[in-house]
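# Notes for the structure review
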Amino acid sequence: MSLLRFLARRLATYAVMLFIATSAAFLLAAWQFNPGRLFTTRVPRPSQAVVDRTLTSLGLDPREPVLHRYWDWLTGVVTRWDWGRSPNGASVNSQFAQRVGISFSLTLIALVLTLVIGVALGVYTAARQYRVSDRAVTSFSYLTFVLPAPVAYLAVQLLAIHANSLVGHDALYVTGISDPTVTGFWPSALDLVRHYIVPTVAMTVFGYAGYQVSQRQFLLDNVNADFVRTARATGLTRNQAILRHALRVSFIPTAQSIAFTIPALFIGSYFAEAVFNWPGLGLWSVQAMTNQDVSAATAMVAYGALIFAVGAVLADVAIVLVDPRVRVSR
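On a predicted model such as this, the values are computed, not experimentally measured, just so you know. (Residues numbered from 1 in each chain as written. Predicted model: local features only at pLDDT ≥ 70, side-chain atom pairs only at ≥ 80, totals over all residues. Heavy atoms only, no water.)

Once that is clear, we can look at the environment of Thr 298. The topology assignment puts Thr 298 in helix 13 (residues 294-322). Spatially, the C-alpha atoms of Thr 298 and Ser 47 are 28 Å apart, while their sequence positions differ by 251 residues. Residue contacts for Thr 298: discarding those within four places in its chain leaves Thr 22, Ala 25, Phe 26 and Trp 73. (Helix = DSSP H or I, 4+ residues; strand = E, 2+ residues; numbered from the N terminus. Contact = heavy atoms within 4.5 Å.)

One finds Phe 26, Trp 73, Trp 83, Trp 284 and Val 294 to be the most contacted residues of the largest nonpolar core, which totals 31 residues. Looking at this core, the elements that each hand over two or more residues are helix 1 (3-32), helix 2 (48-57), helix 3 (66-80), helix 4 (92-127), helix 11 (258-276), helix 12 (281-290) and helix 13. Among the elements that take part in this core, helix 13 stands out by supplying nine residues, more than any other. Not counting the four nearest positions on each side in its chain, Val 294 is found in contact with Phe 26, Ala 29, Ala 30, Phe 33, Pro 35, Leu 60 and Arg 69. Ranked by size, the runner-up nonpolar core spans 19 residues in total, among them Ala 126, Val 228, Ile 242 and Phe 251. (Core = buried A, V, L, I, M, F, W, Y, C linked by side-chain atoms within 4.5 Å. Buried < 20%, exposed > 50% of the residue type's maximum accessible area, 1.4 Å probe, protein only.)

Our focus in this paragraph is the packing of helix 6 (residues 149-167) against helix 7 (residues 185-205). The interhelical angle for the contact between helix 6 and helix 7, taken along N-to-C directions, is 135 degrees, at an axis separation of 9 Å. As the angle between them shows, helix 6 and helix 7 are arranged oblique. Crossing handedness for the pair helix 6 and helix 7: right-handed. Packed against helix 6, whose contacting residues are Tyr 153, Val 156 and Ala 160, the element helix 7 presents Val 198, Ala 202 and Met 203 at the interface. When the residues that make up the contact of helix 6 with helix 7 are grouped by side-chain class, the tally is six nonpolar, no polar and no charged. (Axes fitted to C-alpha atoms, helices over the stretch in contact; angles between N-to-C directions. Parallel < 35°, antiparallel > 145°, perpendicular 65-115°, else oblique. Left-handed = near helix turned anticlockwise from the far one by under 90°. Nonpolar A, V, L, I, M, F, W, Y, C, P; charged D, E, K, R; others polar.)

Attention shifts here to the packing of aromatic side chains. According to the stated counting rule, one finds 11 aromatic pairs in the structure shown. On the basis of an interplanar angle of 80 degrees and a centroid distance of 4.9 Å, the ring pair of Phe 185 and Trp 186 is categorised as edge-to-face. Exposure remark for Phe 185: the relative accessible area of 60% places this residue in the exposed category. With a relative accessible area of 66%, Trp 186 lands in the exposed category. What links up through ring pairs into an aromatic cluster is the set Phe 26, Tyr 70, Trp 73, Trp 81 and Trp 83. (Phe/Tyr/Trp six-rings, centres within 6.5 Å; stacked < 30°, edge-to-face > 60°.)

The tally for this structure, following the rule as stated, stands at four salt bridges. Where Asp 61 meets Arg 63, a salt bridge forms, and the shortest distance between an N and an O atom there is 2.9 Å. Looking at Asp 61, the relative accessible area reads 5%, which means it is buried. The partner of Arg 216 in a salt bridge is Asp 134, with the nearest N and O atoms 2.8 Å apart. Residue Arg 216 is found in helix 8 (residues 209-223), and its partner Asp 134 is found in helix 5 (residues 132-146); the two are separated by 82 residues along the sequence. Of the two residues, Arg 216 and Asp 134, neither departs from the other in class, the shared state being buried. (Salt bridge = Lys/Arg side-chain N within 4 Å of Asp/Glu carboxyl O.)

On to the packing of helix 8 against helix 10 (residues 238-256), then. Contact geometry of helix 8 with helix 10 gives a least axis separation of 8 Å together with a crossing angle of 120 degrees. In this view, helix 8 runs oblique relative to helix 10, as classed from their interaxial angle. Considering how the two elements wind past one another, helix 8 and helix 10 form a crossing that is right-handed. Across the interface between the two elements, Tyr 211, Ser 214, Gln 215, Phe 218, Leu 219, Asn 222 and Val 223 of helix 8 pack against Arg 238, Ile 242, Ala 246, Leu 247, Val 249, Ser 250, Phe 251, Pro 253 and Thr 254 of helix 10. In terms of residue class, the contact of helix 8 with helix 10 is built from 10 nonpolar, five polar and one charged.

This part is about helix 10. Taking 1.5 Å as the rise per residue, helix 10 with 19 residues should run 27 Å; its terminal C-alpha atoms sit 26 Å apart, in good agreement. Along helix 10, the positions that sit buried rather than exposed are Ala 241, Ile 242, Ala 246, Ser 250, Phe 251, Ile 252, Thr 254 and Ala 255. (Expected span 1.5 Å × (residues − 1).)

A few words now on a nonpolar patch on the surface. Nonpolar side chains collect at one region of the surface, where Phe 104, Leu 108, Ile 109, Val 112, Leu 113, Val 116 and Ile 117 lie side by side and expose about 560 Å² of accessible area between them. With respect to the element layout, Ile 117 can be found in helix 4. (Patch = residues over 30% accessible without salt bridge, like charges linked within 9 Å, V, L, I, M, F, W, Y side chains within 5 Å. Areas by Shrake-Rupley, 256 points an atom, 1.4 Å probe, with all protein chains shown as cover.)

Our focus in this paragraph is helix 5. For helix 5, spanning 15 residues, the distance from its first C-alpha to its last is 22 Å, which sits close to the expected 21 Å at 1.5 Å a residue. Three or more residues of helix 5 are buried, namely Asp 134, Val 137, Thr 138, Ser 141 and Thr 144. Viewed end-on, helix 5 has its buried residues packed into an arc of 110 degrees, placing them on one side of the element. Away from its buried face by more than 90 degrees, helix 5 exposes Val 132, Arg 135 and Val 146. Packed against the buried residues of helix 5 are helix 4, helix 7 and helix 8. (Arc of directions from axis to C-beta.)

As a further point, take unusual backbone geometry. Positive phi outside glycine occurs at Tyr 130, with the angle close to 70 degrees. Looking at the element boundaries, Tyr 130 is found in the loop between helix 4 and helix 5. With a phi close to 55 degrees, Asn 277 is a non-glycine residue in the positive phi region. Position of Asn 277 among the secondary structure elements: in the loop between helix 11 and helix 12. Judged by its relative accessible area of 47%, Asn 277 falls in the partly exposed class.

Laid out in structure tokens, this is it:
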């Protein structure tokens, strides 16, 4: 089976899964949520007639049959790419567009660093099994598993604040995404980098451990395999045999885990945005749940499912590149 045909079949499978997950999210939200709850907090509180007319105009009237509302919503998405309105009247499309770039860039940078650092440290510790460096790195990785994400991110934030106090000025920014007083291309770019550093470091430090521990274990499982011993018999050192032969095989299960790491980082970015006060999708999704916003909650589930599908496709590509036999056997 060719690579393109293999990927086409996988993409079709993920597209069906994405449709099912998004549809289920809308149906459950429409069935359980009460969009009129937002109006109960307004002063003066509007009458029930006003609330009903407003929700009807937004396509959120809970008195409408769920399947009827689902069909109207699905038609809008398919024909106009309109993901609906929030109870406050705002367009979900515009709210999502304002935030997706912020969350995506933060997650993407952290994902790349997490993968590279985790795999590199996994190879490093496997090649130095039971040495001091191996025990130190692996022990720290296990420690990061224990700490909850909000506590870990807050600890990094406090360390950055302490570092700023030591140097006597704000070398690192611990909240926000930019300084509105900064103007000019290069000053603005530098300001953006300084805002990115702390949350990116936090997500990377407390995200690479899974890759490091798993890659170390997978590599150690293959160190004494016959093909590695054969490679060493040809004159290669242990480290050369590991890098040239064992790593290729042991990376396959690591590549498979990419599909599950991306959603984990996506969820972790919610906490990062809350701790570091970033106006991304994380805070918006929390507000959507609080306000019982059917359309926004559905859009976030769709985005999460899409991120998972992208991760799964990347994992499939990585596996095929590492082991071309996969595309023949599937």
